[in-house]
Amino acid sequence: MDLFVANDTVANFLFMNRGGRKFEEVGLSAGVAFDEEGRARSGMGVDSADLDQDGWMDLFVTNLSRELDGFYRNLHDETFDDIAAQSGIANATKLLSGWGVKFSINDNDGNLDLMIANGHPDDLIEEIYGNVKYASLCCSFVTLAPG
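Right, let's walk through the structure included here. Here the structure is a predicted model, which means the values were calculated and not measured. (Residues numbered from 1 in each chain as written. Predicted model: local features only at pLDDT ≥ 70, side-chain atom pairs only at ≥ 80, totals over all residues. Heavy atoms only, no water.)

### Side note on the overall build of the chain
Secondary structure assignment for the chain yields four helices and 10 strands. Starting at the N terminus and walking to the C terminus, you meet the elements of the chain as β-β-β-α-β-β-β-β-α-α-β-β-α-β. Rg of the C-alpha trace for the chain: 15 Å, near the compact-globule value of 15 Å for 147 residues, within the 12% margin. Taken along the three principal axes of its C-alpha coordinates, the chain extends 50 × 35 × 25 Å. Here the chain holds 147 residues, and 38% of them are scored as buried. Of the contacts formed within the chain by residues at least 6 apart in sequence, a portion of 41% connects residues at least 24 apart. Accessible surface, the chain: about 8200 Å² in total, of which carbon and sulfur atoms supply 53%. (Helix = DSSP H or I, 4+ residues; strand = E, 2+ residues; numbered from the N terminus. Rg over C-alpha atoms; globule rule 2.2 N^0.38 Å. Buried < 20%, exposed > 50% of the residue type's maximum accessible area, 1.4 Å probe, protein only. Contact = heavy atoms within 4.5 Å. Areas by Shrake-Rupley, 256 points an atom, 1.4 Å probe, with all protein chains shown as cover.)

Laid out in C-alpha cells, this is it:
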C-alpha cells in the first residue's frame, strides 16, 4: 500500500511502498506535489479510487477556494495527470473550500460518485472576495462515469 498526504500550503507527499518498511517520497516526480504552475496548494482532504476501472488507483484532493481541486489520473508509471480542468470539476469547485472528500456509489447506478464537504475557514472572506462565500454549499455530489 502506498500513502498520499495532502499538505496545507506546502508540497503534497506521495510515499511509494518499496517493500517491507521502506517508503520513497515521490510527490514531485509523480506530478502531485504542486499545481500545474508549480505552486503549493492548501490540501485538505484526499480519497482514492479506481475511477477508470483500469486497476490503478486515482486521487482526488480538495483545496481551499481559488486554488482548484486536484483530480489525478494514474498513468501506471508512478506519475499522475491532473484532469480536474478537462473533467469540469475544477471550474465547478474553484470558489469552494473543500475539506472532506469521499468516493462511493450513492445512487446504485454502478458509477462512482464524489462527495465533497465544503465551507470557507475565514468568516470575513466575503468582504475580500465577493464571489467566495463563508457558508459554502455543504456538500457537492458529482457522478463519475468510467473513461
